[in-house]
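Architecture at a glance
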Amino acid sequence: MNFKSTIGLEVHFELKTKSKIFSPSPVTYGAKPNTETNVIDWGYPGTLPMVNKEVYRLGLMVALATHSHVNPVTHFDRKNYFYPDNPKAYQITQFFKPLAENGYVEVEVHGQKKKIHIHEMHIEEDAGKNTHGTNGFSYVDYNRQGVPLLEVVSEPEMTDPDEAVAYLEKLREIVQFTGASDVKMEEGSMRIDTNISIRPAGQKEFGTKVEMKNLNSFEHVRLSLAYEQKRQEQILLSGGRVQISTRRFDTNTGKTVLERVKEGDADYRYFPEPDLAPYHIKKEWVDEIAANLPKTADERRDIYVNEYGLKPYDANVLLQSKESSDFFDKAVAAGADPKQAANWMNTQVNGYLNENHAELKDIALTPENLAAMIKLISDGTISSKIAKKVFAETVANGTDPKKYVEENGMAQLSDESVLTPMVKEVVDNNPQSVEDFKNGKDRAIGFLVGQIMKQTRGKANPKVINKLLLADLNAR
Amino acid sequence: MNYLNETIDSLNDKLKKGELDAKQLAKDTAENIKKTDEKINAFITVDEDAKVAEDLNFDNKLAGVPIAIKDNIITEGLKTTAASHILYNFEPVYESTVVAKLKAAQATIIGKTNMDEFAMGSSTETSYFGDTKNPWNLNKVPGGSSGGSAAAVASGEVVAALGSDTGGSIRQPASFNGIFGIKPTYGRVSRWGLIAFASSLDQIGVMSKRVKDSAEVLNVIAGADDRDATVSEKEVPDYTAFLGKDVKGLRVAVPKEYMSDAVEAGVKKAVQAKIDLLKENGAIINEVSLPHTKYVVPTYYIIASSEASANLERYDGIRYGFRAEDAKNLEEVFVKSRSEGFGDEVKRRIMLGSFALSAGAYDKFFLQAAKVRTLICQDFAKVFEDNDVIVGPVSTETAFDLNSEISDPIKMYNNDILTISANMAGIPAASVPAGLSETTGMPVGFQIMGNRFDEGHVFQVADFIERSNKFYEQKPAGLED
Amino acid sequence: MEKVTNDTIKHVAKLAKLEFSDEELTKFTPQMGKILEMAEELQAVNTDGVEETVQVVDRDTVFRDDVPEKWQTRDEMMKNVPDKSNGFVKVPVIIDKDDDQ
Ligand SMILES: [Mg+2]
Ligand SMILES: [Zn+2]
């Protein structure tokens, strides 16, 4: 028997704001417990929410970048459930009138292009965090309470794990390049819930849905979905029934494990949030956001490959994060040769970041300094050997390359009026080498270059010397 | 210090002239409250060391004047309980906007008044801190839920107090205690710091013996606030400017549903006398209909309880307030803290609201009620097309006996039929004394409702009636030894 | 409508995290029944084509600018906490979450 899988994905993105969605508490990562909270975050009696405008702006950027229909009227709703990390015992979310609906992203999977549709996306508040002790107690930290989230709900229309992962990769790329979220799974700024059901080919009704929450990586998404496909197939083939349940992916065994059988749908008692009036999204605001939307990864890739002539591989390395792509674009804008800049970014800069476990935003290197250094190379002021020293200095201390080269006398000697007499003198003093050259021994050139380098203490521009030497020797 | 013969203006005058000292006044006020409260129990907390503002500027009418605050309004540094066991020890670490504004106007916050638990009730009998007694007759309820504020004013413990009104909780106790009380337009006063009962209906207002005193306090507490997203940015007029006017040409609507036989004879007679008075003085009286009046009670109880069921979920024993001591696991912390921490009336409403929002019931109950609310709003909008105010009784009866209705929720709920609509439509409404009932000898309240943000006409009519009968000269009989 | 039974009450109580003794239920269940009977009267109102009113606010929700501010210190926030430890709020161990967010 053949089976058909139906996969749906719910992805939560933390939106990159300075303050929380309904309170002015700072949004930080890794602060001491309960230091970044206030009476609103704790759901104190008498407090009221006040919406952060930036949350709407960032959400709208994602809506536009995914071709979604922005709802002209939005409203928040309350979703009720008791839990220690949920201080009001309701989450303020958007249930009846979400931010946007009916979007899509385009993916390429198994060599085929396909549109995966987005059912809706809504903004809501994150909950606090619980730590479970071994002594019979749990500990609650409300720092994360109220961090803005954008939840993107796909249509259940993916048919295999590869498609699901392709969708996730594309969605992450799109969201990242709007700048709306950091999309870091390890820090929880991108969180994935999946659901999958299978049914015999030809059957119309969907099978029983199994959910998996908070998958830690795309690879886990792929493996857990593949495992579920097989597991559910075997149940159906042996005449069994799949239970409505939530399962967890065990990274050690590669299997999914039952967490909880659902007794039916949870009763969240959604109703419109009376503390917040509706918000009518004005067309002018949407148009303004659309006009200022940062270039997508696809648009950038096109420029890198077709305009700058980068290899697709190099372009993709630059496009692995918006940060590196932005950095590269700024370096080019500051006058760096694109190919050189790409080369430096993907080798030296990345090497430095890996070695120091750092991110671009944490290091002293600026796009302007990188561009300045590349210009010093292209115009022959420094050799590529000296460039390595200059890079080491500027990446570590943010030193201006031009100033550094000047102050340390590292500029190459390229002035032909200075070098020509020196070349003539060296050739005059080494008749043996002239003869070797005439007899076709190329090594002779190397020897002569070495002599000049010795005299100039390595500062002579090898290209210029080579040229002058050849001219001189050929004239003899 | 007793305030039965004082007004904010008279106090301001004496303070300015140095006949009264603000610090001494605060002490004397607290002392008098303690003494009077042995009889009426109007306060949950009295601040005997109430902070008096420095450098009093008597251009502020409220400078140095002690004001009482209903105990569901947050006061930083002063215990705030909403009259519930579940918040019996709650110490606020922030300030409500209304109290911040009163403090900025240099008023003295003298204490926190008793109320029905979480403002749910019409008699102040659901308080965790005991009943409040009606100063006119100590065997009768002061009404509710702002019964403590009303009794405090009626007995002269304070000159004015803040209350809150979700379905009549300012107007009905004002009526039962023979004082003035106004619930402003929804969105006129910030709710930041008001412990929520039903967020779309709750509104803070003022209670005082004299109409002008409420106008002066409302002048201070009304207006925009960047902590409340539902408050209006409309400019606040000087409400005292609407006082001292006649009513010639004023278009006054009398809904026939408000003067039905359900209204007790003594109440009806006192209210009719005031309608006649308005007519004699040149007002145009129009009999109108608010056809959905018979549905307001169920509509209100579904909407208010639904919102309340969510608003009161935060009292779970985790972050503040009462946590059950014998809870062995998390579920028990939730269930036992809530079951022991809330009183019966609060639990009834949480249950009703949770039911009305639950799967399968939402459309039939919550959504249908929200649609009927639209029809109720439309009834009012239509009447206000041709009228400046709507008048009638506040309550179908005068203050009832303690313990007489508390066990019959439906009877208690139906008491609110004449006050609920103003909350549903978000319009301003007030109660001004019409006199004493010929049948019960207890005060009768005359209700005046205005169009949205038209507190002006409400004050104008209330002040006219106050001047006609000078009811404030009558002293509550229950306090005489 | 279907009669309100002790089971209905128990189901709703579970949602609301409340519990009632059998004695309380004998008093409470008929009261709830009467209240819901009253609520049932609304079914008689024709609301075809009527929009619901969930608020009577005179404007759209206002936005706050994205400017972080610190209001309370952790000590202030901890002031009312019944049980706490090392800057955390302490609760009996959480076994199961009945929910996703
Ligand atoms: Mg979800
Ligand atoms: Zn969510």
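For clarity, every value in this text was computed on a predicted model and none was experimentally measured.

Quick word on the sheet that holds strand E3 (residues 69–70) of chain A
Residue and element names in this part refer to chain A.
- The strand order across the open sheet built from nine strands is E3-E7-E8-E11-E1-E12-E13-E14-E15, with neighbouring strands paired in mixed fashion. Because the sheet does not close on itself, it has two edges, and the strands there are E3 and strand E15 (255–261).
- Both strand E7 (residues 100–109) and strand E8 (residues 112–125) contribute to a ladder of nine bridges, which runs antiparallel. Bridging across to E8, Val105 finds its partner in Ile116.
- Sheet strands in contact with helix H1 (residues 53–65) are E3, E7, E8 and strand E11 (148–154), and its direction is about 165° off that of E8.

Points about the UniProt feature "domain: Amidase" (unreviewed entry) in chain B
- Those residues carrying the UniProt feature "domain: Amidase" (unreviewed entry) are residues 29–458 of chain B in this numbering.
- Within the segment residues 29–458 of chain B, helix and strand shares are 34% and 14% respectively, and the terminal C-alpha atoms sit 30 Å apart.

A few points about the side chain of A:Ser325
- As for its position among the elements, A:Ser325 is in helix H7 (residues 322–333).
- Ignoring anything within four residues of it in the chain, the contact list for A:Ser325 reads A:Phe177, A:Arg300, A:Tyr304, A:Leu318 and A:Leu319.

Side note on the pairing of strand E6 (residues 203–208) of chain B
All names here are of chain B.
- Burial within E6 is extensive, with six of its six residues counted as buried.
- Every second residue of E6 is oriented toward a common face, with Gln203, Gly205 and Met207 on one face and Ile204, Val206 and Ser208 on the other, all of them buried.
- Direction of pairing for strand E4 (residues 160–165) relative to E6: antiparallel, over a ladder of six bridges. Residue pairing across strands places Ala160 opposite Ser208, the latter belonging to E6.
- Where strand E5 (residues 180–183) lies against E6, three bridges are found, and the strand directions are antiparallel. Paired with Gly181 across the strands is Met207, a residue of E6.

Details of the interface of chain B and chain A
- Facing the 39 residues of chain B at the interface are 30 residues of chain A.
- Note on chain B versus chain A: buried area summed over both sides is about 2800 Å², and carbon and sulfur give 64% of it.
- Put simply, chain B and chain A have two salt bridges between them.
- Of the charged contacts, one joins A:Arg269 and B:Glu313 as a salt bridge, the two residues approaching to 3.2 Å between their closest N and O atoms.

Section: the interface of chain B and chain C
- Listed by partner, the interface residues are 72 residues for chain B and 55 residues for chain C.
- Summing both partners gives a buried area of about 5400 Å² for chain B against chain C, and 66% of it is carried by carbon and sulfur.
- When residues of chain B are sorted by the area they lose upon contact with chain C, B:Val93, B:Met351 and B:Phe355 head the list and together hold 12% of the total.
- Across the chain B-chain C interface, the total number found is six salt bridges.
- Here C:Glu40 ties to B:Lys364 by a salt bridge, and the two come within 3.1 Å at their closest N and O atoms.
- Between the two partners, chain B and chain C, sit 22 residue pairs in polar contact (both at pLDDT 80 or more).
- Taken together, the elements giving at least two residues each to the side of chain B that touches chain C come down to helix H8 (296–311), helix H9 (330–341), helix H10 (344–357), helix H11 (362–386), helix H12 (409–414) and helix H13 (420–425) of chain B.

Here's the deal with the pairing of strand E8 (residues 284–288) of chain B
All names here are of chain B.
- In this structure, strand E7 (residues 251–255) lies alongside E8, joined through five bridges in parallel fashion. Each bridged residue has a counterpart across the sheet, and for Val252 the counterpart in E8 is Ile285.
- Handedness of the crossover joining E7 and E8 through helix H7 (residues 265–280): right-handed.

Side note on unusual backbone geometry
- Along the chain, B:Gly144 connects to B:Ser145 via a cis peptide bond; the corresponding omega equals 10°.
- Assignment of secondary structure puts B:Ser145 in the loop between strand E3 (108–113) and helix H4 (147–154).
- Notably, A:Arg269 is not glycine yet its phi reads approximately 50°, a positive angle.
- Note on placement: A:Arg269 falls in the loop between E15 and strand E16 (271–272).
- Even without being a glycine, C:Lys17 presents a positive backbone phi close to 55°.
- The residue C:Lys17 is located in the loop between helix H1 (6–16) and helix H2 (22–40) in this model.

Section: the confidence of the model for chain B
- For chain B, per-residue confidence averages 97 on the pLDDT scale, and residues scoring 70 or more make up 100% of the total.
- As scored by the predictor, the complex reaches a pTM of 0.92 and an ipTM of 0.96.

Quick notes on the packing of helix H3 (residues 97–104) of chain B against helix H6 (residues 211–221) of chain B
Residue and element names in this part refer to chain B.
- Taken N-terminus to C-terminus, the directions of H3 and H6 make an angle of 110°; their axes are 8 Å apart at the nearest point. The angle between H3 and H6 falls in the class roughly perpendicular. Here Val98, Lys101 and Leu102 of H3 lie close against H6, whose contacting residues are Val217, Val220 and Ile221.
- Counted by class, the contact of H3 with H6 contains five nonpolar, no polar and one charged residues.

Some details on the UniProt feature "active site" (unreviewed entry) in chain B
Residues and elements named next belong to chain B.
- If you check UniProt for "active site" (unreviewed entry), the listed places come out as Lys70, Ser145 and Ser169 in our numbering. Maximum C-alpha separation among the annotated residues is 11.0 Å over a sequence range of 100 residues, consistent with a single clustered spot.
- Among the structural elements, Lys70 can be located in strand E2 (residues 66–70).
- Setting aside residues no more than four positions away along its own chain, Lys70 makes contact with Lys112, Thr113, Met115, Ala119, Ser145, Ser146, Ser149, Leu162, Gly163, Ser164 and Ser169.
- Classification of Ser145 as buried rests on a relative accessible area of 0%.

A closer look at the side chain of B:Arg319
- One can find B:Arg319 in the loop between H8 and H9.
- Note on B:Arg319: relative accessible area 0%, which makes it buried.
- Polar side-chain contacts of B:Arg319 include one of 3.3 Å to the side chain of A:Tyr142.

Topic: the pattern of salt bridges
Residues and elements named next belong to chain A.
- Evaluation of the coordinates by the stated rule reveals 59 salt bridges over all chains.
- A salt bridge links Asp275 to Arg78, with the nearest nitrogen and oxygen atoms 3.2 Å apart. Of the two residues, Asp275 sits in the loop between E16 and strand E17 (279–280) while Arg78 sits in strand E5 (residues 77–80), which places them 197 residues apart along the sequence. Judged on exposure class, the residue Asp275 and its partner Arg78 are both buried.
- Among the charged side chains, a network of salt bridges with common partners joins Glu14, Asp126, Arg144 and Arg191.

What about the sheet that holds E5(A)?
- The antiparallel open sheet is built from three strands, whose spatial order is E6-E5-E16 (chain A). Unpaired on one side and paired on the other, strand E6 (90–93) and E16 of chain A mark the two borders of the sheet.
- Relative to E6(A), E5(A) runs antiparallel, the two sharing four bridges. From the neighbouring strand, A:Lys79 faces E6(A), where its bridge partner is A:Gln91.
- The strands that H8(B) touches are E5, E6 and E16 of chain A; relative to E5(A), the one it contacts most, it runs at about 60°.

With respect to the coordination of the magnesium ion (ligand 1)
Residue and element names in this part refer to chain A.
- The magnesium ion (ligand 1) binds to the protein through Glu10 (OE) and Glu151 (OE), with metal-donor distances spanning 2.6 to 2.7 Å.
- For the pair the magnesium ion (ligand 1) and the zinc ion (ligand 2), the metal-to-metal distance amounts to 4.1 Å, and Glu151 bridges them. Placement of the pair is Glu10 in strand E1 (residues 3–14) and Glu151 in strand E11, with a sequence separation of 141 residues.
- Judged by its relative accessible area of 5%, Glu151 falls in the buried class.

Scoring rules and cut-offs
Residues numbered from 1 in each chain as written. Chains lettered and ligands numbered in written order. Predicted model: local features only at pLDDT ≥ 70, side-chain atom pairs only at ≥ 80, totals over all residues. Heavy atoms only, no water. Pairing = 2+ DSSP bridges. Helix = DSSP H or I, 4+ residues; strand = E, 2+ residues; numbered from the N terminus. Contact = heavy atoms within 4.5 Å. Axes fitted to C-alpha atoms, helices over the stretch in contact; angles between N-to-C directions. UniProt positions renumbered as here; feature names shortened; annotations may be inferred. Buried < 20%, exposed > 50% of the residue type's maximum accessible area, 1.4 Å probe, protein only. Buried area = accessible area lost by both parts, 1.4 Å probe. Salt bridge = Lys/Arg side-chain N within 4 Å of Asp/Glu carboxyl O. Polar contact = N/O pair within 3.5 Å; in protein donor to acceptor, adjacent residues only side chain to side chain. Right-handed = clockwise from strand over helix to strand, strands pointing away. pLDDT = per-residue confidence, 0-100. Parallel < 35°, antiparallel > 145°, perpendicular 65-115°, else oblique. Nonpolar A, V, L, I, M, F, W, Y, C, P; charged D, E, K, R; others polar. Donors = N, O, S within 2.8 Å, 3.2 Å for Na, K, Ca; no water.

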